[in-house]
Amino acid sequence: MRSKRETFLKASVGGVALAMAVSCSVLFGDADASIANGVKEFLGWPIDALTAAFDVGGGGATFKRFLDWTFGPALAEAAGLITFTAAVAFLYYPPGRRGVDFMWPSAPDVLDNNLDFDSLRDIREDAGGTPFLERSEELRTLRLFAGANKHGGPIFMSVTGQEGIGKTRLGLEWLRYLKKQGWDVGRLEVQVSALDIRRAKFRRRTAILIDEPNRIVGFWELLDALLAKPQGICILLSDQFVSKRPDDLSPSAIQRIDKALWGALRLEKLTETSLSILAPHLSSRALREADGRPLYALLGENPRGELARRAAKRVRLAAEHGAERILLIAALAAPISHQQNRAFGGPRVAAKTLQHLFEGEDRTTLKQQLPVLAPEMFADEIVLQIAVEEVEVDLRALVEVAILVNPAAVERRLGSLWTRRVLSEEAAEVRRSLQAVLDANQAERVSNLHQEAERLCKSIRRFREDEDGPREFDDLRRDMTRLNELAAMRPFDPAIRLHAIESAARTIQCYAEAGRFAELEHWANLLIARSEDTFFQDDLIARRAEANVAGVAVTSYGAAGRFDDLERWGTHLIALAENPIIRNDFAIRHAAAIAAVNSLFAYRATERVDDIERWDGRLAKIAEDVSFENNLEMKRLEAAGALNAMEAYGTAGRFADLERRATFLTALAESPYLRSDPEIRRIEAKAAVNAIEAYGRAQRFADLEQWAMRHTALIDELVFLRNDIDIRWTEANVALSALTHYGKARCFGDVERWAARLIALTEDAQFRHDPLIGFVKAKGASNALSLYGDVGRFVDLERWGTILIALFEEPAFNHDFTIRQMEAEAAVNALSDYGKAGRFEDMERWGARLIALINDPAFHDASEIWLQMVKGAYAAQTWYGLSRRLEDMERWGARLISATSVHLLRTNHLGRLKEAESAANAIYFYKTAGRVDCNEINIWRERLSSISRNFPEVGAIQEVAARHGLGYVNQSLVSWPHGNIVGR
């Protein structure tokens with residue numbers, strides 16, 4: 001807003017200019033008499049009146065001499081003074097002021113450019129002077145926002161966050177920065193209209209802060225008026241949430257608003273360290289309770305108590321001046337203009353009284369409007385204290401006035417009141433009464449809120465279901481934040497509550513799948529806090545959602561190996577399942593059982609026996625409830641838990657416990673009503689595979705054979721599952737596991753026995769072309785080839801190689817990436833074994849198979865197959881180098897370099913490590929051959945140096961390079977004399 005002082009100074013400058021022009025004209029002109037007569041004529045009756053007055057008083061002669069002097073020798077000065085006075089009077093007031101604005105424009109008068117503004121000054125004694133902390137990144141974002149419309153029209157963005165987190169302070173710091181850059185800056189005046197904005201002149205790039213726009217009546221019309229300006233204007237909206245643009249605006253307004261939207265920035269909580277800088281004497285308890293919000297740190301050890309005390313003081317002051325009604329209107333509906341208040345029959349009060357009630361507000365502002373009472377809790381306290389204690393106040397009538405004036409602000413005030421958990425019975429009744437009045441008067445608004453909640457829920461559901469589409473988590477967060485705010489505003493509303501619970505569960509699932517654990521924790525904790533609210537405590541849907549969310553957290557943390565977090569959420573879930581009020585609810589117990597099964601799965605390879613036993617026991621306790629005795633789903637979970645526990649015990653070498661859980665699983669599967677359940681019998685078959693694997697690793701072959709017989713007997717018994725692919729897959733895996741472990745023990749007779757069983761199964765016409773069975777056959781043949789190669793039994797190696805190659809050439813598997821990758825691994829093993837034995841022709845034959853595989857167009861983008869090519873080339877180069885066949889070594893070295901240069905492996909650390917080791921080996925082989933100064937050894941040095949230079953962060957590469965003095969540190973000290981021939 002332009003100050004009166006600025007207007008007067010500009011008018012004075014214009015007046016001085018005109019006065020000087022007139023004075024000079026008189027002083028250097030020829031018509032002094034005519035000018036004097038003209039001035040006298042212009043002044044006319046005032047001079048006549050003064051002359052008569054002086055004559056009556058006896059000073060007529062003196063006054064006449066003064067007039068003669070003024071219109072004689074001092075005529076130039078007199079004409080200038082008169083001109084100055086008239087000009088200033090004309091230019092100070094409209095319409096003359098519009099001319100000044102045109103010739104000498106000011107900052108727009110719709111802005112308040114007072115940047116020392118503090119929205120909390122009237123309740124905070126220590127306002128001002130607090131440091132600005134931890135917001136450098138956010139301020140940088142706002143600066144980028146300001147630079148985004150350098151050559152364009154207006155744009156706007158939102159900054160959101162919890163109350164007291166520093167949104168307004170951030171906005172003011174942004175304005176201060178831009179003011180130093182020559183911008184016009186300020187806060188939008190609350191009382192302005194869209195017409196005022198359209199008439200306002202913007203002289204240069206302008207930055208505008210609009211604080212709490214959701215409270216402003218007609219805000220979207222004001223925003224549209226700003227966006228219609230042609231100048232570069234940056235508008236920052238500061239509020240707790242981003243409000244949805246209404247659909248009832250004109251098409252042109254909707255287009256302008258949607259086009260100008262730049263984005264949104266949400267402020268996170270400050271750290272306790274920063275809060276302690278703001279409030280150094282605050283206790284650690286108070287710092288924690290401040291919850292990252294600087295406002296609550298500045299309010300001292302007991303912010304709620306302090307705000308209640310100051311609210312009581314304000315209410316007493318209002319009572320002393322008979323102004324309780326106007327204070328209540330301000331607490332409910334501000335900011336509102338006095339004109340709006342009077343138009344709807346609101347109470348009136350003198351400006352002097354307002355100055356007592358709103359300490360710190362300037363008189364000009366108070367003449368125009370009732371300002372906002374901040375923070376929310378302070379205004380809440382005023383509403384409750386007046387409503388409960390001042391019996392003479394007609395509460396309903398005042399609330400109806402407030403609703404007519406500013407329904408959005410009243411709705412927000414009630415939303416804040418509903419977040420208060422601890423209220424007296426009287427205050428709680430007042431809250432219910434206020435809400436009833438609002439809903440009765442704003443039925444359409446309530447309906448709109450329900451529609452908004454439903455729309456947000458559908459948007460979140462689409463995000464959850466659209467796994468293949470672009471996933472913008474900012475959109476998910478914005479929608480869920482708004483829905484959570486609606487639920488907080490109306491916790492008593494079952495429709496909104498249901499949407500919020502369902503959407504929170506979906507949101508948490510999305511973040512869990514993306515591995516975004518910070519967001520998972522944020523929303524899960526919010527849901528749990530909501531579930532503990534009075535309105536949710538007995539809501540079974542909320543408790544079920546809480547159980548599902550805890551289960552998701554357990555599963556996600558288990559998959560990520562974050563076992564402390566798994567246990568934290570697991571403890572919460574088990575406590576929920578054991579809650580006496582809801583312990584018989586199947587959905588909650590089911591969620592706990594799934595979490596137990598997934599926990600055992602997460603622990604199965606960790607050898608953390610105590611954790612395994614704890615979750616094993618928890619699952620048993622969950623399932624033992626008599627109400628679930630014949631529940632098929634629960635029994636399947638018990639079976640899956642036993643399967644995971646068996647694998648975990650087998651990994652830990654706890655075979656007695658393995659057998660104990662196996663006995664339980666067998667007894668469960670043999671139950672009369674479960675014998676024919678395919679799912680449980682499949683689990684039983686998989687458990688046998690796991691047992692065979694565990695006993696094979698321990699080389700307890702008698703137990704392995706015993707379990708193999710049990711598996712065979714199971715298949716023979718399960719006639720109804722004989723053709724089930726999952727069951728036959730377990731049979732193939734039994735043979736694969738036995739073959740592999742007998743081979744490691746060098747029991748090749750048993751290898752062949754189990755291999756024959758595997759081949760016989762895979763030759764069955766029904767399963768011959770199944771990819772799962774084909775994979776197991778390929779794995780078995782590859783393992784046999786490797787085992788025979790290790791002991792130099794090359795005839796057997798070739799026999800199994802022939803079986804493997806025949807499988808690869810079948811049309812069903814020819815383009816199966818997983819199986820052909822196994823071909824590459826087998827070729828590398830054969831190549832290495834033949835090289836070790838010095839059988840280079842056979843090594844070249846298997847190398848040719850590897851080269852043919854990478855040249856197949858179907859596998860050009862198969863990075864794993866290319867990596868096998870690197871390993872094979874490295875092995876061939878090594879064996880040729882050890883045999884002093886340096887030309888062949890160079891040939892395979894070139895193939896290795898060619899493989900690591902493809903786009904798939906350029907930044908692959910394992911591939912580059914093999915290249916570094918290849919270079920180091922080549923340097924060694926040339927040295928041992930006495931070719932220390934040859935060109936080839938220098939080329940390999942350059943390559944090793946270059947790899948070291950491009951991968952300083954890979955410790956293994958640096959270790960290899962350092963052996964030849966080519967590590968990153970060594971070479972950087974001597975300015976990299978070997979150049980850089982390897983691109984990263």
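The paragraphs below set out a description of the structure included in this document. Everything numeric in this text was worked out from a predicted model, so none of it was measured. (Residues numbered from 1 in each chain as written. Predicted model: local features only at pLDDT ≥ 70, side-chain atom pairs only at ≥ 80, totals over all residues. Heavy atoms only, no water.)

### Some words on the overall build of the protein chain
A count of helical and extended segments in the protein chain gives 47 helices and eight strands. Classification of the 984 residues of the protein chain by burial places 52% in the buried group. Carbon and sulfur atoms make up 53% of the accessible area of the protein chain, which amounts to about 45,100 Å² in all. (Helix = DSSP H or I, 4+ residues; strand = E, 2+ residues; numbered from the N terminus. Buried < 20%, exposed > 50% of the residue type's maximum accessible area, 1.4 Å probe, protein only. Areas by Shrake-Rupley, 256 points an atom, 1.4 Å probe, with all protein chains shown as cover.)

### Section: the side chain of T507
Among the structural elements, T507 can be located in helix α26 (residues 494-513). With sequence-adjacent residues up to four places away left out, T507 is seen in contact with I460, L476, M480 and W523. (Contact = heavy atoms within 4.5 Å.)

### Points about the packing of aromatic side chains
One pass over the structure, following the stated rule, counts 14 aromatic pairs. A centroid spacing of 5.2 Å and a plane angle of 25° characterise the contact between F473 and Y511, whose relative ring orientation is stacked. Of this pair, F473 sits in helix α25 (residues 473-489) while Y511 sits in helix α26, and the two are 38 residues apart along the sequence. For the pair formed by F473 and Y511, the shared burial category is buried. Through successive ring pairs, a cluster of aromatic residues spans F145, W174 and W262. Positioned above the aromatic ring of W615 is the side chain of R618, whose terminal nitrogen or guanidinium carbon lies 4.5 Å from the ring centre. (Phe/Tyr/Trp six-rings, centres within 6.5 Å; stacked < 30°, edge-to-face > 60°. Lys NZ or Arg CZ within 6 Å of the ring centre and 35° of its normal.)

### Some details on unusual backbone geometry
The residue after A334, namely P335, is reached through a cis peptide bond having omega 10°. As for its placement among the helices and strands, P335 is situated in the loop between α16 (324-333) and β7 (336-337). Here R746, not a glycine, exhibits a phi torsion of approximately 60°, which is positive. Structurally, the position occupied by R746 is in the loop between α36 (725-744) and α37 (748-762). Among the residues examined, R746 registers a relative accessible area of 40% and is labelled partly exposed.

### Overview of the pattern of salt bridges
Per the counting criterion, the structure on display carries 78 salt bridges. A salt bridge links E670 to R675; the nearest nitrogen and oxygen atoms lie 2.3 Å apart. The class of E670 is partly exposed, set by a relative accessible area of 28%. A salt bridge links R820 to E823; the nearest nitrogen and oxygen atoms lie 2.5 Å apart. Note that R820 and E823 are positioned in helix α40 (residues 817-836) at a spacing of three residues, about one turn of the helix. Residue R820 shares its accessibility class with E823, and that shared class is buried. Each of E212, R215, D239, E376, D380, R412 and R413 takes part in salt bridges that share partners, so that together they form one network. (Salt bridge = Lys/Arg side-chain N within 4 Å of Asp/Glu carboxyl O.)

### Points about the packing of helix α35 (residues 701-717) against α36
Remark: α35 packs on α36, axes separated minimally by 11 Å, with the N-to-C direction vectors making an angle of 165°. Between α35 and α36, the interaxial angle falls into the category roughly antiparallel. Two packed elements cross with a definite hand, and for α35 against α36 that hand is left-handed. From α35, F701, L704, E705, A708, H711 and I715 reach across to α36, where they touch I727, T730, E731, V734, A738, H741 and Y742. When grouped by side-chain class, the residues that make up the contact of α35 with α36 number eight nonpolar, three polar and two charged. (Axes fitted to C-alpha atoms, helices over the stretch in contact; angles between N-to-C directions. Parallel < 35°, antiparallel > 145°, perpendicular 65-115°, else oblique. Left-handed = near helix turned anticlockwise from the far one by under 90°. Nonpolar A, V, L, I, M, F, W, Y, C, P; charged D, E, K, R; others polar.)

### A look at the pairing of strand β2 (residues 155-160)
Within β2, six of the six residues are buried, leaving the element largely enclosed by the surrounding structure. The alternating pattern of β2 places I155, M157 and V159 on one face and F156, S158 and T160 on the opposite face, and all of these are buried. The sheet contact formed by β2 and strand β5 (residues 233-239) spans six bridges and is parallel. By the bridge assignment, V159 is partnered in β5 with S238. (Pairing = 2+ DSSP bridges.)

### Remarks on empty space enclosed by the protein
Considering all chains together, one arrives at two cavities of 30 Å³ or more under this definition. Put simply, the largest cavity is a space of about 70 Å³. Residue lining of the largest cavity: M480, N484, A487, A500, I501, A504, W523, L526, L527 and R530, and that is the complete set. Put simply, the parts of the chain that give the lining of the largest cavity at least two residues each are α25, α26 and α27 (517-531). (1 Å grid on protein atoms, 1.4 Å probe; cavity = no way out; pocket = protein on both sides within 12 Å on 5 of 7 lines; lining within 4 Å. Points joined across faces, edges and corners; volume = space filled by probe spheres on them.)

### Looking at helix α22 (residues 407-418)
With 12 residues, α22 should cover 16 Å at 1.5 Å per step; its first-to-last C-alpha distance of 17 Å lies within 8% of that length. When you tally the buried positions in α22, you get 12 out of 12 residues, the bulk of the element. P407, A408, A409, V410, E411, R412, R413, L414, G415, S416, L417 and W418 are the residues of α22 that are buried. (Expected span 1.5 Å × (residues − 1).)

### Quick word on the environment of A735
Looking at the secondary structure, you find A735 in helix α36. Linking A735 and A708, residues 27 residues apart in sequence, is a C-alpha distance of 8.5 Å.

### Digging into the pairing of β5
Buried residues dominate β5, accounting for seven of its seven residues. Residues I233, I235, L237 and D239 line one face of β5 and the alternating positions C234, L236 and S238 line the opposite face, and both faces are buried. Direction of pairing for strand β4 (residues 206-211) relative to β5: parallel, over a ladder of six bridges. By the bridge assignment, L209 is partnered in β5 with L236. For the handedness criterion, the β-α-β arrangement of β4, helix α10 (residues 219-227) and β5 is classed as right-handed. (Right-handed = clockwise from strand over helix to strand, strands pointing away.)

### Some details on the sheet that holds strand β1 (residues 111-112)
In sheet architecture, strand pairing relies on hydrogen bonds along the backbone and comes in two forms, parallel and antiparallel. Here we have six strands laid out as an open sheet, ordered β1-β3-β4-β5-β2-β6, and mixed in their pairing. Sheet topology places β1 and β6 (261-266) at the edges, where each strand pairs with a single neighbour. Packed onto the sheet, α10 meets β2, β3 (184-188), β4 and β5 and runs at close to 160° relative to β5.

### What about the nonpolar core?
Within the largest apolar cluster, 174 residues are counted, with the highest numbers of intra-cluster contacts made by L658, W707, W846 and L944. What L658 contacts, discounting residues up to four positions off in sequence, is M646, Y649, G650, A691, A694, Y695 and W707. (Core = buried A, V, L, I, M, F, W, Y, C linked by side-chain atoms within 4.5 Å.)

### Some details on the side chain of R310
With respect to the element layout, R310 can be found in helix α15 (residues 303-320). The buried category is assigned to R310, whose relative accessible area is 13%.

### Some words on the environment of G186
Among the secondary structure elements, G186 is positioned in strand β3. In this structure, the C-alpha to C-alpha distance between G186 and A107, residues 79 residues apart in sequence, is 9.0 Å. Look past the residues within four positions of G186 in its chain and what remains in contact with it is L111, D112, N113, L175, A207, I208 and L209.

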